[in-house]
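In case you want the letters, here they are:
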Amino acid sequence: MDSTISAEQLGRFFATAPLVLGVVIYAIAFIAKRNEGMETAPSLGTTYACAQCGKRSVREHMVPQAHAGAVSYYCAKCAGAH
């Protein structure tokens, strides 16, 4: 039984290995990134509650305020007092 690898087999392996590894790395990166950055807009009729008084209104009538990465929505009355 001959356990040595021929020069032709070794050359074929090194010729195809970069292509195979590149495709595998690309596929893994594609699967990991495919859902990233897909923000959905709120549906029509969605209302937000004021963080202080609880009054509900559409987002266009609320005042957003960021707090350590989170966003709180305030009604016009509470935004002036807050």
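Above: the structure in question.
Values in this document were obtained by computation on a predicted structure and should not be read as measured data. (Residues numbered from 1 in each chain as written. Predicted model: local features only at pLDDT ≥ 70, side-chain atom pairs only at ≥ 80, totals over all residues. Heavy atoms only, no water.)

**Student:** For this particular structure, what's the right way to read the nonpolar core?
**Tutor:** Taken as a class, soluble globular proteins show a tendency for nonpolar side chains to be buried jointly. By size, the foremost hydrophobic cluster in this structure holds seven residues: Cys 50, Met 62, Tyr 73, Tyr 74, Cys 75, Cys 78 and Ala 79. When neighbours within four sequence positions are excluded, Ala 79 is seen to be in contact with Val 63, Gln 65 and Tyr 74. (Core = buried A, V, L, I, M, F, W, Y, C linked by side-chain atoms within 4.5 Å. Buried < 20%, exposed > 50% of the residue type's maximum accessible area, 1.4 Å probe, protein only. Contact = heavy atoms within 4.5 Å.)

**Student:** I would appreciate a short explanation of helix H1 (residues 7-33) in the present structure.
**Tutor:** An α-helix turns once every 3.6 residues. As a result, residues three or four positions apart point the same way. Taking 1.5 Å per residue as the helical rise, H1 with its 27 residues ought to reach 39 Å, and the 40 Å between its terminal C-alpha atoms agrees with that figure. Maximum bend of H1: about 30 degrees, positioned at Thr 16, with proline Pro 18 one to four residues after it. Of all 27 residues making up H1, only one are buried, and the element is barely covered by its neighbours. (Helix = DSSP H or I, 4+ residues; strand = E, 2+ residues; numbered from the N terminus. Expected span 1.5 Å × (residues − 1). Bend = angle between axes of the 7 residues up to and from the residue.)

**Student:** How should the pattern of salt bridges be read in this particular structure?
**Tutor:** Side-chain pairing between opposite charges can occur once the charged atoms of the two side chains come close. Summed over all chains, the structure comprises one salt bridge. Across the pair Glu 8 and Arg 12 runs a salt bridge whose closest N-O atoms are separated by 2.7 Å. On the criterion of helical spacing, the pair formed by Glu 8 and Arg 12 is a turn pair, its members being four residues apart in helix H1. Classification of Glu 8 as exposed rests on a relative accessible area of 56%. Residue class for Arg 12 comes out partly exposed when judged on its relative accessible area of 48%. (Salt bridge = Lys/Arg side-chain N within 4 Å of Asp/Glu carboxyl O.)

Take it as geometry only, folks, not as evidence of what the structure does.
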